Amino acid sequence: MQILIVGGRVGRRHGCNETDTALHELSVEVVNADARFPPFSWPLVVPEAGETIAVCRHRKGGAAGHRWADYVEAGVLGALECCMACPPSQAACSAPSERDLCSLRLAVSGTVPEAAGLSSSSALVCASVLAALTGWGGASPGADALAARAAASERFVGTMGGGMDQAASFLCQRGSALCIHFDPLAGTRVPLPTETIIVVGNSLERSFKAGCEHPFNVRVIEGRLACILLSSSIRVPPSQAPQTLRHVASLLRASLEQGPHDLATNTADANDEAIAALVDQLLPSGAVTLQQAAVTAGVTVEELESTLLDGRSRAALPGRLHARSLYPRKRARHVLREAQRVRLFVE
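Model, not experiment: these values are computed from the prediction. (Residues numbered from 1 in each chain as written. Predicted model: local features only at pLDDT ≥ 70, side-chain atom pairs only at ≥ 80, totals over all residues. Heavy atoms only, no water.)

Caption draft 1: Layout of the pairing of strand 6 (residues 186–191). With six bridges connecting them, strand 5 (residues 176–181) and strand 6 associate as antiparallel partners. Residue pairing in the sheet places A177 in a bridge with V190 of strand 6. As consecutive antiparallel partners, strand 5 and strand 6 are separated by four residues, and within that stretch D183 has a phi angle of approximately 55°, a positive value. (Pairing = 2+ DSSP bridges. Helix = DSSP H or I, 4+ residues; strand = E, 2+ residues; numbered from the N terminus.)

Listed below in structure tokens is the structure:
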């Protein structure tokens, strides 16, 4: 994925005089080398004092519909968040500040097929973050920070991902796999044998993750629901429940060690099996509705929905979550099995 910065206002960063332009007049234009994707332009959303980008974007209406350029906009917004986190008075901050903002003209090209499960959307977001930071004339933050920023900004599109694709884009190195850690997002190199061959295939089955009905977002919600229900079993209220099964598993291990169900051994495999057994015991075996889950957690449906969906993802499933069948046990078991498999591979 490549993004070329075609033009922008850069004079002031090179000691040249320029006529100041009000921030509300800034804009972003993007074209694609592939004629199937039409050009787009939009005003650059700059929050007022004390306002977050998400609130400002909601107030101004945001983008309508689903467009390929939404991923570029998400990346530009991520770069804007870097600027907002770096006030001019902070001398040690290397990112550009809001005073460095200018309009952007971007050109996109790439060979990764879209909607093929090969992270083309995340690659576009990551490249857009870098392009905007470069266009605004500041040094980029570290790779870990860039990955985390890109992961958070992609949620403006409507996906509820955790950052695996963005970490792969920024942190991978030739000859090594990457063991990705979350909260905070980071990675550890896992050297591969020199004779390793990895084959990547395209099934030609297209899948658009940002769609409201796509199971990608529903799986995230099922995982969060599993966290809430498991936490409620040890008297942790939904509003305070961790949002990751890794953190919930830590709470459950502590509960096991303090309660009547002592772990047989202190090995990782024994811990994994004990947590899996507790998941089977505490979570419903089949589908549950949001209403049923709320009763189990001891909260209202509205409170549960507010806990499941953060500010950026609340628009991803507008009015549809109440009618869905959710499978928290199935999702929790899958996540825990995958985590165990990764741990064994790294070891």
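Caption draft 2: Spatial organisation of the side chain of D70. Note on placement: D70 falls in helix 2 (residues 69–84). A distance of 2.9 Å separates polar atoms of two side chains, one belonging to D70 and the other to R67. (Polar contact = N/O pair within 3.5 Å; in protein donor to acceptor, adjacent residues only side chain to side chain.)

Caption draft 3: Seen up close, a nonpolar patch on the surface. Together, V342, F345 and V346 make up a nonpolar patch on the protein surface, roughly 260 Å² of accessible area in all. Relative to the assigned elements, V346 resides in helix 11 (residues 328–346). For V346, a relative accessible area of 38% translates into the label partly exposed. (Patch = residues over 30% accessible without salt bridge, like charges linked within 9 Å, V, L, I, M, F, W, Y side chains within 5 Å. Areas by Shrake-Rupley, 256 points an atom, 1.4 Å probe, with all protein chains shown as cover. Salt bridge = Lys/Arg side-chain N within 4 Å of Asp/Glu carboxyl O. Buried < 20%, exposed > 50% of the residue type's maximum accessible area, 1.4 Å probe, protein only.)

Caption draft 4: Looking closely at the packing of helix 3 (residues 120–135) against helix 4 (residues 143–154). With their axes 10 Å apart at the nearest point, helix 3 and helix 4 run at an angle of 115° to one another. Classified by chirality, the crossing of helix 4 by helix 3 is right-handed. Residues S121, S122, V125, C126, V129, L130 and L133 of helix 3 pack against L146, A150, S153 and E154 of helix 4. For the contact of helix 3 with helix 4, the per-class residue count stands at seven nonpolar, three polar and one charged. (Axes fitted to C-alpha atoms, helices over the stretch in contact; angles between N-to-C directions. Left-handed = near helix turned anticlockwise from the far one by under 90°. Contact = heavy atoms within 4.5 Å. Nonpolar A, V, L, I, M, F, W, Y, C, P; charged D, E, K, R; others polar.)

Caption draft 5: Highlighting the pattern of salt bridges. The full count for this structure, using the stated rule, is ten salt bridges. Its salt-bridge partner being R67, residue E73 comes within 3.6 Å of it at the nearest N-O pair. R67 matches E73 in its accessibility class, with the two residues each being buried. Between E338 and R341 there is a salt bridge, with its nearest N and O atoms 2.6 Å apart. Here E338 and its partner R341 are both found in helix 11, three residues apart, which amounts to about one turn of the helix. Each of the salt bridges in this network shares a partner with another, and the network as a whole consists of D34, R36, E114 and R206.

Caption draft 6: Main features of the confidence of the model for the protein chain. Residues at a pLDDT of 70 or more form 75% of the protein chain, whose mean pLDDT is 79. Across the protein chain, strand 4 (residues 104–109) holds the top mean pLDDT of 94, while helix 1 (residues 53–59) sits lowest at 62. Note on residues 9–23: pLDDT under 50 across the span, and 25 contacts to partners over four residues away in sequence or across chains. (pLDDT = per-residue confidence, 0-100.)

Caption draft 7: Helix 5 (residues 164–171), seen in detail. Along helix 5, the positions that sit buried rather than exposed are Q166, A167, F170 and L171. Along the axis of helix 5, the buried residues cluster in a sector spanning 105°; they form a single face. (Arc of directions from axis to C-beta.)

Caption draft 8: Representation of the packing of aromatic side chains within the structure. Under the criterion given, the structure shown has two aromatic pairs. With a centroid separation of 6.1 Å and 65° between ring planes, the pair formed by F37 and W68 is classed as edge-to-face. Of this pair, F37 sits in the loop between strand 2 (27–32) and strand 3 (40–43) while W68 sits in the loop between helix 1 and helix 2; the two residues are 31 residues apart in sequence, bridging distant segments of the chain. Here the aromatic cluster, defined as three or more aromatic residues joined through ring pairs, consists of F37, F40 and W68. The ring centre of F40 lies 4.8 Å from the NZ or CZ of R67, which sits over that ring. In this structure, K330 packs its charged tip against the face of Y327, placed 5.9 Å from the ring centre. (Phe/Tyr/Trp six-rings, centres within 6.5 Å; stacked < 30°, edge-to-face > 60°. Lys NZ or Arg CZ within 6 Å of the ring centre and 35° of its normal.)

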